[in-house]
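Commentary on secondary and tertiary structure
Spelled out from the first residue to the last, the chains are:
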Amino acid sequence: MVYRVPMTIYTGYLAIHKFEKELEREFEVRALTVAHKRDRLYLVEGSHPQLIWAQVTAFGLESIKITSINDGARRLKERGRNWALYTVTNHRRAELIQEGLPKIKQRTLPFRHQLPSVPMGFWTLWEEDEMLATQETSSPFGLGAMEFDEDKVMPPSRAYLKLWEFFTVYAPEAIRGGTAIDVGSCPGGWTWVLRMLEFDRVYSVDKAPIEKRIMDLGNIEFRQESAFGLDPGAFGPIDWFCSDIICYPERLLNLVNRFRAAGTVKNFVCTIKYQAETDWEETLKFLEIPGSRIVHLHHNKHEVTWFLKGTNP
Ligand SMILES: C[S@@+](CC[C@H](N)C(=O)[O-])C[C@H]1O[C@@H](n2cnc3c(N)ncnc32)[C@H](O)[C@@H]1O
């Protein structure tokens, strides 16, 4: 009788280009031990959750021995249709295997378009004769890269892409109507997105004015003042509290907590921005808020997006 040696199952984390240090720090914060690392790919033994600073997380990576390029392509096709490759070695051989797989048409998406329903696998050629592969990943987009059909005319800044991504991927159910508040709103990209979502009223708050053509969309009440002086009681029920303010995470957390304490906000989505160093201490305090999540959107830079849905009123 032949006994197969049980192979180790890994969780693979692909670090975001230039944010490898953030992912490495996150491993420490979460007490995860990296077993192997090649380029931006980190392997941790066992099953673990998605991490904030991973561009894509590959769950349950399986080791597959192969005898040839055709064998590699065949083994992947047996396991699923769509595969995204990240090469760490034997690059040409890996590309030839990829060429033997169904072509993926990675299209740009309109805002709030339904996400692809076919899973997007992740694979790498770890050694000349060994692939690591899984169909179970954290994103339906190849290596987590989601691109939109950008609007190059209306939005006054590219910051709108963060809110497009958020509402497309993490809050597609967001209902139209109701009230939203956008703090740190100048020049008006997020306010424009909130108007696209057809909120009945959008409060837009910044120390600097938003662009007139955004104001002209109507149903926007602009307040030229510091968001940190706002009285939550002055607004009534708020469906979405949105913040893209440039400030220390601690100040944002205080502001969020004041609005939470008022009990008038249903949903929050806020960008936590960092200076030179990622402020883990404050980031973890955000995560202590029950039911909330932090993600690094494809359109985030050295910042992350914290959100909390379906609270209070
Ligand atoms: C990244 S920009 C926001 C871009 C905006 N979300 C958009 O889509 O166009 C950050 C904004 O935070 C604003 N800001 C900084 N401190 C603020 C404060 N205390 N109160 C309100 N806004 C503030 C800045 O004036 C700046 O316009």
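Residues numbered from 1 in each chain as written. Predicted model: local features only at pLDDT ≥ 70, side-chain atom pairs only at ≥ 80, totals over all residues. Heavy atoms only, no water.

1. A few points about the sheet that holds strand β10 (residues 220-224)
Read from one edge to the other, the open sheet built from seven strands follows the order β10-β9-β8-β11-β12-β14-β13, with strand pairing classed as mixed. Only two strands of the sheet have a single neighbouring strand rather than two, namely β10 and β13 (293-295). Strand-to-strand twist in this sheet, taken as the mean axis angle between neighbours without regard to direction, amounts to 15°. The pairing of strand β11 (residues 238-243) with strand β12 (residues 265-273) spans five bridges and is parallel. The partner of S243 across the bridge, within β12, is C270. This element, helix α7 (residues 249-262), spans β8 (179-183), β11, β12 and β14 (303-308) of the sheet and lies at about 175° to β12. (Pairing = 2+ DSSP bridges. Helix = DSSP H or I, 4+ residues; strand = E, 2+ residues; numbered from the N terminus. Axes fitted to C-alpha atoms, helices over the stretch in contact; angles between N-to-C directions. Contact = heavy atoms within 4.5 Å.)

2. Focus: the nonpolar core
Within the largest apolar cluster, 41 residues are counted, with the highest numbers of intra-cluster contacts made by F241 and W306. Element by element, the count of residues in this core is highest for α7, at five residues. Of the domains in this structure, domain 1 (10-144) and domain 2 (160-308) are the two that each give at least three residues to this core. By size, the runner-up hydrophobic cluster in this structure holds 31 residues, among which are L109, F148, L163 and W164. (Core = buried A, V, L, I, M, F, W, Y, C linked by side-chain atoms within 4.5 Å. Buried < 20%, exposed > 50% of the residue type's maximum accessible area, 1.4 Å probe, protein only. Domains from an automatic or database assignment.)

3. Quick word on the confidence of the model for the protein
When pLDDT is averaged along the protein, the result is 95, and 97% of the positions lie at 70 or above. Taken as a whole, residues 1-5 scores under 50 in pLDDT and shows zero contacts with residues more than four places along the chain or in a different chain. (pLDDT = per-residue confidence, 0-100.)

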